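Listed below, chain by chain, are the residues.
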Amino acid sequence: LLAAAVLLGAGNNLWTAVLGHLVKSFPPGMRSEVLSGFGVQTSVIQLCGRAAFPLVEYGLLNWAGVADNLLRYRVHMAGCTMFCIYGTIALFFDRGSVRGAVGGSVGETGEGTTLTAAKHAQERSEAAEGNEG
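Quick look at the structure, then. (Residues numbered from 1 in each chain as written. Predicted model: local features only at pLDDT ≥ 70, side-chain atom pairs only at ≥ 80, totals over all residues. Heavy atoms only, no water.)

### Observations regarding the overall build of the protein chain
Next, step 1: Per the secondary structure count, the protein chain includes six helices and zero strands.
Next, step 2: Burial status across the protein chain gives 16% buried among its 133 residues.
Next, step 3: Accessible area for the protein chain stands at about 10000 Å²; split by element, carbon and sulfur atoms hold 66% of it. (Helix = DSSP H or I, 4+ residues; strand = E, 2+ residues; numbered from the N terminus. Buried < 20%, exposed > 50% of the residue type's maximum accessible area, 1.4 Å probe, protein only. Areas by Shrake-Rupley, 256 points an atom, 1.4 Å probe, with all protein chains shown as cover.)

Next comes the structure, spelled out in structure tokens:
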């Protein structure tokens with residue numbers, strides 16, 4: 001993550017740094033699902049942001065009486081910052097999920113096996129058996 005922060009400071013994309021962290025943190029058997037889920041999450045967040053922008057803009061202009069464009073844009077950006085702060089605080093209080101059981105990455109145990117990957121593989125096999133019957 002430190003290297004990602006340095007790259008972000010040099011002007012690289014945040015999503016590239018997040019994807020790099022995800023690829024490193026999850027076992028190979030789960031990477032396609034994790035990356036697909038990440039893609040869906042970012043798409044939903046972008047759609048919600050684009051849908052909320054006109055509503056917030058209308059509210060600021062007509063209900064709150066903020067006529068200055070710069071001030072309205074600052075309010076929009078402050079909303080984005082508040083979500084980032086909330087996410088950081090939520091991750092801080094849920095450190096166990098971020099750090100994993102004993103190992104340094106998500107889903108790792110002290111023995112080097114991944115409980116999450118094993119559980120995921122078992123769910124897949126059970127679902128496949130259910131479809132066959």
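On we go from here.
### What to know about the side chain of glutamate 57
Next, step 1: Here glutamate 57 is to be found in helix H3 (residues 31–63).
Next, step 2: Residue glutamate 57 is classed as buried on the basis of its relative accessible area of 13%.
Next, step 3: Every residue in contact with glutamate 57, bar those within four places of it in the chain, is listed here: Arg72, Tyr73 and His76. (Contact = heavy atoms within 4.5 Å.)

### Overview of the environment of arginine 31
Next, step 1: Here arginine 31 shows up in helix H3.
Next, step 2: Look at arginine 31 and you get partly exposed, because its relative accessible area is 28%.
Next, step 3: Non-local contacts of arginine 31, meaning those with residues more than four positions away in its chain, are made with Val23 and Phe26.

### Observations concerning the packing of aromatic side chains
Next, step 1: Counted by the stated rule, this structure contains two aromatic pairs.
Next, step 2: Plain terms: the ring middles of phenylalanine 92 and phenylalanine 93 are 5.4 Å apart, the flat faces sit at 75° to each other, and that makes the pair edge-to-face.
Next, step 3: Looking at phenylalanine 92, the relative accessible area reads 44%, which means it is partly exposed. (Phe/Tyr/Trp six-rings, centres within 6.5 Å; stacked < 30°, edge-to-face > 60°.)

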